[in-house]
Amino acid sequence: MKLTADAKGVFPIAPTPFFEDGAVDHASIDRMMDFYQSCGATGLTVLGQLGEAPKLDFAESLDIASQVIGKADGMPIVVGVSAPGFASMRSLTRAVMDLGAAGVMIAPPNTLRTDDQIVTYYHQAVEAIGDDVPFVLQDYPLTFSVQMAPSVIRRIVTDLPSCVMLKHEDWPGLEKISALRRFEAEGAMRHISILCGNNGLFLDYEMAREADGANTGYCFPDMLCDFVKWVGEGKREAAHDLFDAHLPLLRYEQQPGVGLAVRKYVMMRRGILSSAAQRRPGGALTPAAKAEVDHLLSRLAKHDPRAKNLA
């Protein structure tokens, strides 16, 4: 089933499991898929920025996407296809859509500076992959250095019907969500799904600004699923209590350069990944950093039993 503008819930960004020698760990992919399906995820994104996609060759990317889609059991799978050129973006997009992907995610190259350049880029991307392919617009200026004002996002959504979701990762970005929902309420922009990234760091109030859920990583994606579910059920204060308990670890994992190492380390401790390895170039946690994460886990365990016996 293809991705639509009505998508809600939590679409975790899946890490790519590797062995210490850099080989893809396919057994961990299967365990990871079982975990995501059991914890309440409504969809999944693979080959994202923190899925180490730039470190994979085309055959590996397609192989990983194929395995994930094959294990999806009806869960919509979004595949990151961002690339320096449109030829490789087109090839990977058509291949994963043929395999049964729900859609693709496209991030802007960091060379874009003006509003017109940004809009033109997405026109060209859709021309390359086909206007029958639903796509997620990734807005992550802290990493890509591309500033998309709400008016620019509105132009893209209005011009390109295949844009069905915004991955919102601006920071600060709460007012941007409100501006986009205001456009919709005024009839100035059609409705799209807004799922939020940034490790879920601001999800507590992004949901209050009418975001539809989360599209991010974090080593406890099951907490994000619980939070979104509880907010939908009107259990606002209970959701905030749970979120607050995880906030120190969320903050620690959000650190540029070390975040993926933290995520993989904890997911390894949880038995989801067999190794915390990243493919080179990539770092690992120092003993001091591991001790800090273990301390955060021990504190989290006082409030969330999922963290018990991990530190």
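Look above for the structure.
What comes next is a walk through the structure. (Residues numbered from 1 in each chain as written. Predicted model: local features only at pLDDT ≥ 70, side-chain atom pairs only at ≥ 80, totals over all residues. Heavy atoms only, no water.)

Take the pattern of salt bridges next. Under the counting rule described, the total for this entry stands at 22 salt bridges. A salt bridge links K176 to D170, with the shortest nitrogen-to-oxygen separation between them at 2.9 Å. Accessibility classification places K176 together with D170 in one group, the buried group. (Salt bridge = Lys/Arg side-chain N within 4 Å of Asp/Glu carboxyl O. Buried < 20%, exposed > 50% of the residue type's maximum accessible area, 1.4 Å probe, protein only.)

Strand order across the open sheet formed by eight strands is β1-β8-β7-β6-β5-β4-β3-β2, with parallel pairing between neighbours. Of all the strands in the sheet, the pair left with one neighbour each is β1 (9-10) and β2 (44-46). Pairing of strand β4 (residues 103-106) with strand β5 (residues 135-139) involves three bridges; the strand directions are parallel. By the bridge assignment for β5, I106 is matched with L137. Each of β5, β6 (163-168) and β7 (193-196) touches helix α7 (residues 174-185); the most contacted strand, β7, lies at about 170° to it. (Pairing = 2+ DSSP bridges. Helix = DSSP H or I, 4+ residues; strand = E, 2+ residues; numbered from the N terminus. Contact = heavy atoms within 4.5 Å. Axes fitted to C-alpha atoms, helices over the stretch in contact; angles between N-to-C directions.)

With that settled, consider the nonpolar core. Ranked by size, the top nonpolar core spans 98 residues in total, and within it I77, I106, Y122, F135, I156 and F220 carry the most contacts. In this structure I156 touches I118, V119, Y122, F135, L137 and C163, once residues within four positions along its chain are discounted. Counting 11 residues, the second largest nonpolar core, distinct from the first, contains L3, A102, M105 and V164. (Core = buried A, V, L, I, M, F, W, Y, C linked by side-chain atoms within 4.5 Å.)

Time to look at unusual backbone geometry. Residue P172 is reached from W171 by a cis peptide bond, and omega for that bond is 0°. Take P172: it is sitting in the loop between β6 and α7. In the segment running from R280 into P281, the intervening peptide bond is cis, with an omega of -5°. If you trace the backbone, P281 turns up in the loop between α11 (259-269) and α12 (287-300).

A word on the packing of aromatic side chains. Applying the stated criterion to the full structure yields eight aromatic pairs. Ring geometry for Y140 against F144: centres 5.9 Å apart, planes inclined by 90°, an arrangement best described as edge-to-face. For the residue pair Y140 and F144, the accessibility class agrees, reading buried in each case. With a centroid separation of 5.4 Å and an interplanar angle of 50°, the aromatic rings of F227 and F243 are classed as tilted. Separated by 16 residues along the polypeptide, F227 in helix α9 (residues 221-232) and F243 in helix α10 (residues 236-253) bring together distant segments of the chain. For F227, a relative accessible area of 0% corresponds to the buried category. A relative accessible area of 1% means that F243 is categorised as buried. (Phe/Tyr/Trp six-rings, centres within 6.5 Å; stacked < 30°, edge-to-face > 60°.)

With that settled, consider α10. Its 18 residues give α10 an end-to-end C-alpha distance of 24 Å, which sits within 8% of 26 Å, the value for a rise of 1.5 Å per residue. Within α10, the axis deviates most sharply at L247, by approximately 45°, and proline P248 lies no more than four positions further along. Looking only at α10, the buried set comprises A239, H240, L242, F243, A245, H246, L249, L250, Y252 and E253. Packing partners of the buried residues in α10 comprise α8 (203-206), α9, α11 and α12. (Expected span 1.5 Å × (residues − 1). Bend = angle between axes of the 7 residues up to and from the residue.)

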